[in-house]
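Structural overview
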Amino acid sequence: MNEEILQVRDLLVKFHTKYGTASAVNHVSFSLARGEKLGIVGESGSGKSVTSKSIIRLLQTPPAEISGEILFHDTDLLRLSEKAMQHYRGNKISMIFQEPMVSLNPLYTIGNQMSEVLFIHEKVSKAEARERVLAMLRTVEIPSPEERLRQYPFELSGGMRQRVMIAMSLLCHPEILIADEPTTALDVTIQAQILDLLNELNRKFNTSIIMITHDLGVIAEMVDRVAVMYAGRIVESAPVKELFSHPQHPYTIGLLNAIPKMKGDREKLETIEGTVPSLYQLPEGCAFANRCTYACSLCRGNQPPEIRQEGHSVRCFRYTDEWKES
Ligand SMILES: Nc1ncnc2c1ncn2[C@@H]1O[C@H](COP(=O)(O)OP(=O)(O)OP(=O)(O)O)[C@@H](O)[C@H]1O
Ligand SMILES: [Mg+2]
């Protein structure tokens, strides 16, 4: 599983707006291996969606300004023309979103819009396209697929629409599927079914998955490795079991403590005090310092370096020699 198919290096995304410049993604680097499932977790506004939209180049520039490298195999996606990028988007790398209604065209039948994806990327006949679409609808376990072909998105339930989206995103057998909160809009049982389905498709096609969520339960169930984002940075990343058993960054520790624990018959939810700093005015030092019980002058004045130990990396001064000496 070690072949790295995606390498994001020093990704920086700024939005130039009338209020100033928002630094939404700050020096983000990570890689993804073939067949690997990577989770990106972090609270609202931490830059998860902006990071993933940068990968398939869905951000408008301007207002966005993107720099860094996004290597898919040896191709830097950020250097491609829009026309060249279309060969990758939806074909080599696909994305599914929280609300499938937004991505599905309400005016076309499921059959038409799914076939269209194949016509864009491959030379297939109408009959072939129909067969491939039907096969994929069966793979995602949509009942009576022939009937679905003639239906419009509004005729399907939320869970069915998300299955259609997943089927559509997998039609061209992409190497990477980016799932941005794919189950948030669904009720709990349907959520579990969709996660099972994604796991199964990952096994069947060896598709790498980037799963974006603010739900640590989804992370625990689903992914191999986790990156925790805070104010546009990856503050910690580790294999999933390691992250849950030995969280290092004070923010990660706070997130894990915020998971409701059953105490007798009372449910106790801890929250992290304070608020995320504005992306328009990020502090010089660690962005978490104002909420961190360990923060000292070192943290307030300087960016913490990345400390790496085997597969576990953390950006926090607590794990540096300077800290130990202070
Ligand atoms: N077009 C834009 N113009 C200005 N700021 C933007 C734009 N798009 C995103 N941002 C800002 O970038 C930051 C990161 O947004 P992003 O959508 O990546 O957050 P997220 O981690 O996906 O959050 P959520 O969990 O709510 O989906 C946010 O503060 C957002 O307001
Ligand atoms: Mg988002």
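Check the entry above for the structure.
Structural notes, computed from the coordinates. (Residues numbered from 1 in each chain as written. Chains lettered and ligands numbered in written order. Predicted model: local features only at pLDDT ≥ 70, side-chain atom pairs only at ≥ 80, totals over all residues. Heavy atoms only, no water.)

Our focus in this paragraph is helix H1 (residues 48-55). Summarising burial for H1: six of the eight residues are buried, a large majority. Backbone geometry just downstream of H1 places Arg 57 in the positive-phi region, at approximately 55°. (Buried < 20%, exposed > 50% of the residue type's maximum accessible area, 1.4 Å probe, protein only. Helix = DSSP H or I, 4+ residues; strand = E, 2+ residues; numbered from the N terminus.)

This brings us to the pairing of strand S4 (residues 64-72). Where strand S1 (residues 4-17) and S4 come together, eight bridges link them in antiparallel fashion. Following the sheet pairing, Val 13 is matched in S4 by Ile 66. By the bridge criterion, two bridges tie S4 to strand S5 (residues 75-76) in an arrangement that is antiparallel. Bridging across to S5, Phe 72 finds its partner in Thr 75. Between S4 and the antiparallel strand that follows it, S5, lie two residues; His 73 among them carries a positive phi value of about 50°. (Pairing = 2+ DSSP bridges.)

Residues Leu 6, Phe 30 and Ile 210 are the most contacted members of the largest nonpolar core, which totals 97 residues. When residues of this core are assigned to their parent elements, the largest contribution, seven residues, is made by helix H7 (residues 158-170). Those residues in contact with Leu 6 that lie beyond four places of it in its chain are Phe 30, Ser 31, Leu 32, Ile 55, Ile 70, Leu 71, Phe 72, Ile 176 and Ile 210. (Core = buried A, V, L, I, M, F, W, Y, C linked by side-chain atoms within 4.5 Å. Contact = heavy atoms within 4.5 Å.)

Around ligand 1 lies a shell of 13 residues, among which Ser 44, Gly 45, Lys 48, Ser 49 and Val 50 are the nearest. One of the backbone N or O atoms of Gly 45 is found 2.8 Å from an oxygen atom in ligand 1. Here Ser 46 contributes a backbone N or O atom positioned 3.2 Å from an oxygen atom of ligand 1. Taken by itself ligand 1 offers 640 Å² of open surface, and the protein chains cover 64% of this. Listed by contribution, the elements that provide at least two residues to the shell around ligand 1 are S1 and H1. For the shell around ligand 1, the element with the most residues is H1, which contributes three residues. Among the residues making up the shell around ligand 1, the classes are represented as four nonpolar, six polar and three charged. (Near = heavy atom within 4 Å. Polar contact = N/O pair within 3.5 Å; in protein donor to acceptor, adjacent residues only side chain to side chain. Areas by Shrake-Rupley, 256 points an atom, 1.4 Å probe, with all protein chains shown as cover. Nonpolar A, V, L, I, M, F, W, Y, C, P; charged D, E, K, R; others polar.)

Let us now look at the environment of Leu 118. By secondary structure assignment, the location of Leu 118 is in helix H4 (residues 110-121). The buried category is assigned to Leu 118, whose relative accessible area is 0%. In this structure, the C-alpha to C-alpha distance between Leu 118 and Asn 91, residues 27 residues apart in sequence, is 8.9 Å. Leu 118 has contacts with Val 124, Ala 129, Arg 132, Val 133, Leu 171 and Cys 172, leaving out every residue within four places of it along the chain.

In this section: empty space enclosed by the protein. Across all of its chains, the model carries two cavities of 30 Å³ or more by this definition. Roughly 90 Å³ of internal volume is contained in the largest cavity. Looking at the largest cavity, it is lined by 15 residues, and the ones nearest its centre are Pro 250, Cys 286, Cys 292, Cys 299 and Cys 316. A breakdown of the residues in the lining of the largest cavity according to their chemical character gives twelve nonpolar, one polar and two charged. Put simply, the second largest cavity is a space of about 60 Å³. Every residue along the wall of the second largest cavity is listed here: Tyr 230, Arg 233, Val 235, His 249, Cys 286, Ala 287, Phe 288, Gln 303, Pro 304 and Arg 315. Here the lining of the second largest cavity is composed, by residue class, of six nonpolar, two polar and two charged. (1 Å grid on protein atoms, 1.4 Å probe; cavity = no way out; pocket = protein on both sides within 12 Å on 5 of 7 lines; lining within 4 Å. Points joined across faces, edges and corners; volume = space filled by probe spheres on them.)

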